[in-house]
Amino acid sequence: RCAGRVEVFHNKQWGTVCDDNWDLLDAEVVCRQLDCGRALSAPGWAQFGRGNGIIWMDETNCTGKETMLSACPARQWGINNCYHGEDAGVVCSEAPNCRVVPPPAAGLDALSISFLFAGSNVSSFAPVRLVDGPGRCAGRVEVFHNWKWGTVCDDSWDFADATVVCQQLDCG
């Protein structure tokens, strides 16, 4: 299941979303944007851990019909009265296609959920994908960095590394 702290990529920087006014309608937009099904809950108070750095969004007020969180009414980017103890989260109904949505071009925004696996925080700050494989959970590992996708060198690559990728992509 897709669940975790919501983070947005804006102005070439990842940041969190404040839970002021955060509700199921806001979570619905996040779950839809990440192709994770319907929103089951919209936890606040940093239930999935405190982020760090900038808090990009505050007083988010989605109608639930928006296709992107950045399209929802909110305070100006980076203007807030919050601290990271108020980071917003989501719990979505599905996980099969849950992913980080990378910015398609410089200057555009992206959305991520910082996932929790087995009690440890596995950051989705570095979007990962599998390509040229027989299915969604097999293929060459690529990471999104500096506005482009690139391969991962296999030096010292082992089962533990593969396990992290599989968990990040919800592939078991």
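Residues numbered from 1 in each chain as written. Predicted model: local features only at pLDDT ≥ 70, side-chain atom pairs only at ≥ 80, totals over all residues. Heavy atoms only, no water.

For helix α1 (residues 24–33), the buried fraction is high: 7 of the 10 residues fall into the buried class. Residues of α1 that are buried: D26, A27, E28, V29, V30, C31 and Q33. The distance from a side-chain oxygen at the start of α1 to the backbone nitrogen of L25 is 3.1 Å, and the residue carrying that oxygen is D23. Looking at the residues trailing α1, positive phi occurs at D35, about 60 degrees. (Buried < 20%, exposed > 50% of the residue type's maximum accessible area, 1.4 Å probe, protein only. Helix = DSSP H or I, 4+ residues; strand = E, 2+ residues; numbered from the N terminus. Polar contact = N/O pair within 3.5 Å; in protein donor to acceptor, adjacent residues only side chain to side chain.)

Turning next to the nonpolar core. Counting residues in hydrophobic clusters, the biggest one holds 20 residues, and the most contacted among them are V6, V17, W22, V30, L69 and V90. By residue number, the principal contributor to this core is α1, which donates 4 residues. Core analysis: the next-biggest nonpolar cluster, separate from the first, contains 6 residues, L130, V165, L169 and C171 among them. (Core = buried A, V, L, I, M, F, W, Y, C linked by side-chain atoms within 4.5 Å.)

The next point concerns the packing of aromatic side chains. With the rule as written, the count across this model stands at 1 aromatic pair. Relative to W77, the ring of W56 has its centre 5.9 Å away and its plane inclined at 85 degrees; by these criteria the two rings are edge-to-face. Remark: W77 occurs in the loop between β4 (55–57) and β5 (89–92) and W56 occurs in strand β4; sequence separation between them is 21 residues. Residue class for W77 comes out partly exposed when judged on its relative accessible area of 30%. (Phe/Tyr/Trp six-rings, centres within 6.5 Å; stacked < 30°, edge-to-face > 60°.)

Take the pattern of salt bridges next. When charged atoms on two side chains of opposite charge get close, those side chains can pair. Counted by the stated rule, this structure contains 4 salt bridges. The partner of E28 in a salt bridge is R38, and the shortest N-O contact between them spans 2.6 Å. Of this pair, E28 sits in helix α1 while R38 is found in the loop between α1 and β3 (39–41), placing the two residues 10 residues apart along the sequence. Using a relative accessible area of 57% as the deciding quantity, one classes R38 as exposed. (Salt bridge = Lys/Arg side-chain N within 4 Å of Asp/Glu carboxyl O.)

Before going further, it helps to examine the state of the cysteines. Scanning all chains against the criterion turns up 3 disulfides. Paired by a disulfide, C31 and C92 hold their sulfur atoms 1.9 Å apart. Residues C31 and C92 share a disulfide whose torsion about the S-S bond is about -85 degrees; that sign makes it left-handed. Here C31 is found in helix α1, whereas its partner C92 is found in strand β5, with 61 residues between them in sequence. (Disulfide = S-S within 2.5 Å.)

In this section: unusual backbone geometry. At A46, a residue that is not glycine, the phi angle is positive and equals roughly 55 degrees. Tracing the backbone shows A46 in the loop between β3 and β4. Residues other than glycine seldom take positive phi values, yet E59 does so here, at roughly 55 degrees. Position of E59 among the secondary structure elements: in the loop between β4 and β5.

The subject of this paragraph is the pairing of strand β1 (residues 3–10). Burial within β1 is extensive, with 8 of its 8 residues counted as buried. One ladder, built from 3 bridges, connects β1 with β5; its direction is antiparallel. Within β5, the residue paired with R5 across the bridge is G89. Here 4 bridges tie β1 to strand β2 (residues 13–17), and the two strands are oriented antiparallel to one another. The residue of β2 that forms the bridge with E7 is T16. Counting the residues in the hairpin turn of β1 and β2 gives 2 residues, including N11, whose phi is positive at 55 degrees. (Pairing = 2+ DSSP bridges.)

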